[in-house]
Amino acid sequence: MPQINADRLLSDLRTLRSIGAQGTGVVRPAFSPKDMEARRWLKQRYEEAGLEASIDGVGNVYGRSRRRGKALLSGSHSDTQPTGGWLDGALGVVYALEVVRALAEDEATKAFPVDAVSFQDEESRFLGCLGSRSLTGALTADMEQGVTDSGGVTLEAALRDAGLAGVPRLRLDPARYCGFVEAHIEQGPTLEDTAHKIGVVSGIVGLRGIRFEFRGQQNHAGTTMMKTRRDASAALYELAHRINQEFPKVAAERTVWTMGRVRVEPNATSIVPGYADMDLQFRDQSEAPLKAFEAVVERLVAEMNARGGVKITATPSRAPIAPTQMDPGLRAHLEAAAERHAPGKWQRMPSGAFHDAGIISASIPSAMLFIPSIGGISHDFAEDSRDGDIVLGCQVLADAAAAILAEANAR
Ligand code: GLV
Ligand code: MN
Ligand code: MN
């Protein structure tokens, strides 16, 4: 059985953390100078591990094994949220690197090909899972057209500034692979609450988004009577409130929704806002509640527009994500490895976060492994996991990878 090197794993994770570190967190949004620095650092680590490494035209870092046979792909993403934690994505990226090295150092597994990857923009600065969508051919020219970040920077400009304009984009060759395995922090409290050390993911949520725009009339906050004003922010607050009242009536047990970004213009105390916009995002393990939410939104917007006053438009996100089930064969290997290293201390669980594995699973069998997050906190500088849990999770992944490759290459 391959043995991971715990010191090497933790040291690489800490080095990656230092690139873009802010306090206990990391700020490394996709295509930023720090993100690209981290990608170049990773490319070098891949090369040292014996992989043929490249950064493709959307920023994916890819390390390709020179060995023959059915290959396993592993990795995650190294971009972060605008105020990100140090392990979201980075954990799975460095695990994959360590698995490559550990398998190469073991007589029984050194001939197996393991490829490693760090996808670009999983965290949606421009378009969630941009890198994995591009790799699998799911990124269309239409989806990219005119995409900007929340500050108005276009994807085209970001690619140019990162030195990626004209660089070829890689395409996944499904025939090369027996599967993709992504490790990740749980980002929720379930494993900690149940005193489990490993989660084997059953399925990943689907996600849809809607952008609302509210157009009223900007005016003086003292002289414009309540009856006559067309206040864009009042319409935003009303719609948000009605969504919070109506969604629970059609939600399933684990359906979640978030209105995490709003803008009011001109955002001044003494001015009735003439314009506002808001992003609504909703997630579930199945399509039915997501469709029901869309119908609710359509009804609420039609009712409010029928009253006149502020005009509301609702535009669905151009990059929805479908709910996905993880591959039963790969899951069985993760479960067996979890049971060997953490007997009775692992569980099957759904993922409420979305992940690149949800995109890759449309092309090759895919599976995911979780380790506990302290306090269930993520997408926050306070995100953390215990060193012992980090080391254990990587050993489980290495063990499972060896078993998956042995099976695939015995055929
Ligand atoms: C991924 O980061 C998510 O928001 O689930
Ligand atoms: Mn992530
Ligand atoms: Mn994330």
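Residues numbered from 1 in each chain as written. Chains lettered and ligands numbered in written order. Predicted model: local features only at pLDDT ≥ 70, side-chain atom pairs only at ≥ 80, totals over all residues. Heavy atoms only, no water.

**Considering the sheet that holds strand β14 (residues 311-316)**
Right, on to step 1. Taken together, four strands build an open sheet; the order of strands is β11-β13-β9-β14 and the sheet is antiparallel. With partners counted over all chains shown, the strands left at the sheet margins are β11 (256-265) and β14, one partner each. In this sheet, neighbouring strand axes are inclined to one another by 15° on average, regardless of whether the strands run parallel or antiparallel.
Right, on to step 2. As judged from the ten bridges shared by strand β9 (residues 206-215) and strand β13 (residues 275-284), these two strands associate in the antiparallel manner. Within β13, the position partnered with Glu213 by the bridge is Asp277. (Pairing = 2+ DSSP bridges. Helix = DSSP H or I, 4+ residues; strand = E, 2+ residues; numbered from the N terminus. Axes fitted to C-alpha atoms, helices over the stretch in contact; angles between N-to-C directions.)

**Quick notes on the coordination of the manganese ion (ligand 3)**
Right, on to step 1. Taken together, Asp88 (OD), Glu123 (OE), Glu123 (OE) and His379 (NE2) make up the protein donors of the manganese ion (ligand 3), found 2.1 to 2.5 Å from the metal.
Right, on to step 2. Within one chain, the residues donating to the manganese ion (ligand 3) are spaced in sequence as D-x34-E-x255-H.
Right, on to step 3. Between the manganese ion (ligand 3) and the manganese ion (ligand 2) the interatomic distance amounts to 3.5 Å, and Asp88 serves as a bridging ligand to the pair. Here the residue Asp88 occupies a position in the loop between β5 (71-77) and α3 (90-104), and His379 occupies one in the loop between β17 (366-371) and α12 (387-410), the gap between them amounting to 291 residues.
Right, on to step 4. Look at Asp88 and you get buried, because its relative accessible area is 5%. (Donors = N, O, S within 2.8 Å, 3.2 Å for Na, K, Ca; no water. Buried < 20%, exposed > 50% of the residue type's maximum accessible area, 1.4 Å probe, protein only.)

**Some words on the coordination of the manganese ion (ligand 2)**
Right, on to step 1. Distances from the manganese ion (ligand 2) to its protein donors, His77 (NE2), Asp88 (OD) and His184 (NE2), fall within 2.0 to 2.2 Å.
Right, on to step 2. For the manganese ion (ligand 2), all donor residues lie on one chain, and their spacing in sequence is H-x10-D-x95-H.

**Side note on the layout of surface pockets**
Right, on to step 1. For the second largest pocket, the calculated volume is near 170 Å³.
Right, on to step 2. The element contributing the most residues to the lining of the second largest pocket is helix α8 (residues 232-250), with three residues.
Right, on to step 3. Of the residues in the lining of the second largest pocket, the class split is five nonpolar, two polar and three charged. (1 Å grid on protein atoms, 1.4 Å probe; cavity = no way out; pocket = protein on both sides within 12 Å on 5 of 7 lines; lining within 4 Å. Points joined across faces, edges and corners; volume = space filled by probe spheres on them. Nonpolar A, V, L, I, M, F, W, Y, C, P; charged D, E, K, R; others polar.)

**Describing the packing of aromatic side chains**
Right, on to step 1. In total, this model carries eight aromatic pairs according to the counting rule given.
Right, on to step 2. Measuring from ring centre to ring centre gives 6.3 Å for Phe212 and Phe214, while their planes differ by 40°; the resulting arrangement is tilted. Of the two residues, Phe212 and Phe214, both sit in the buried class.
Right, on to step 3. Note on Phe247 and Trp257: the rings are 5.4 Å apart at their centroids and 80° apart in plane angle, and the pair reads as edge-to-face. Of the two residues, Phe247 sits in helix α8 while Trp257 sits in strand β11, which places them ten residues apart along the sequence.
Right, on to step 4. The exposure class of Trp257 is partly exposed, given its relative accessible area of 23%.
Right, on to step 5. One Lys or Arg, Arg17, reaches over the ring of Trp86 and ends 4.2 Å from the middle of that ring. (Phe/Tyr/Trp six-rings, centres within 6.5 Å; stacked < 30°, edge-to-face > 60°. Lys NZ or Arg CZ within 6 Å of the ring centre and 35° of its normal.)

**Regarding the site of ligand 1**
Right, on to step 1. Near ligand 1, the surroundings consist of Glu122, Glu123, Arg283, Ala353, Phe354 and His379.
Right, on to step 2. Within the contact set of ligand 1, an oxygen atom lies 2.7 Å away from a side-chain nitrogen or oxygen of Glu123.
Right, on to step 3. Contact between ligand 1 and His379: an oxygen atom at 3.2 Å from a side-chain N or O atom of the residue.
Right, on to step 4. Looking at the shell around ligand 1 residue by residue, the classes come out as two nonpolar, one polar and three charged. (Near = heavy atom within 4 Å. Polar contact = N/O pair within 3.5 Å; in protein donor to acceptor, adjacent residues only side chain to side chain.)

**Concerning the packing of α3 against α12**
Right, on to step 1. Close contact between α3 and α12 brings their axes to 9 Å; oriented N to C, the two are set at 55°. Compared by their axis directions, α3 and α12 come out oblique. Handedness of the crossing formed by α3 with α12: right-handed. Together, Leu91, Tyr95, Glu98, Val99 and Leu103 of α3 and Asp389, Ile390, Gly393, Cys394, Leu397, Ala398, Ala401, Ala402 and Leu405 of α12 make up the contact between the two elements.
Right, on to step 2. For the contact of α3 with α12, the residue count by class is eleven nonpolar, one polar and two charged. (Parallel < 35°, antiparallel > 145°, perpendicular 65-115°, else oblique. Left-handed = near helix turned anticlockwise from the far one by under 90°. Contact = heavy atoms within 4.5 Å.)

**Some words on the domain arrangement of the protein chain**
Right, on to step 1. Entries for the protein chain in the domain assignment read domain 1 (6-205 + 323-409) and domain 2 (206-316).
Right, on to step 2. Once you take the C-alpha centre of each, domain 1 and domain 2 turn out to be 34 Å apart.
Right, on to step 3. Between domain 1 and domain 2, the residue contacts involve ten residues of the former and nine residues of the latter.
Right, on to step 4. A buried area of about 760 Å², summed over both sides, lies between domain 1 and domain 2, and 59% of it is on carbon and sulfur atoms.
Right, on to step 5. The interface formed by domain 1 and domain 2 contains zero salt bridges.
Right, on to step 6. Inspection of the region where domain 1 meets domain 2 yields two residue pairs in polar contact (both at pLDDT 80 or more). (Domains from an automatic or database assignment. Buried area = accessible area lost by both parts, 1.4 Å probe. Salt bridge = Lys/Arg side-chain N within 4 Å of Asp/Glu carboxyl O.)

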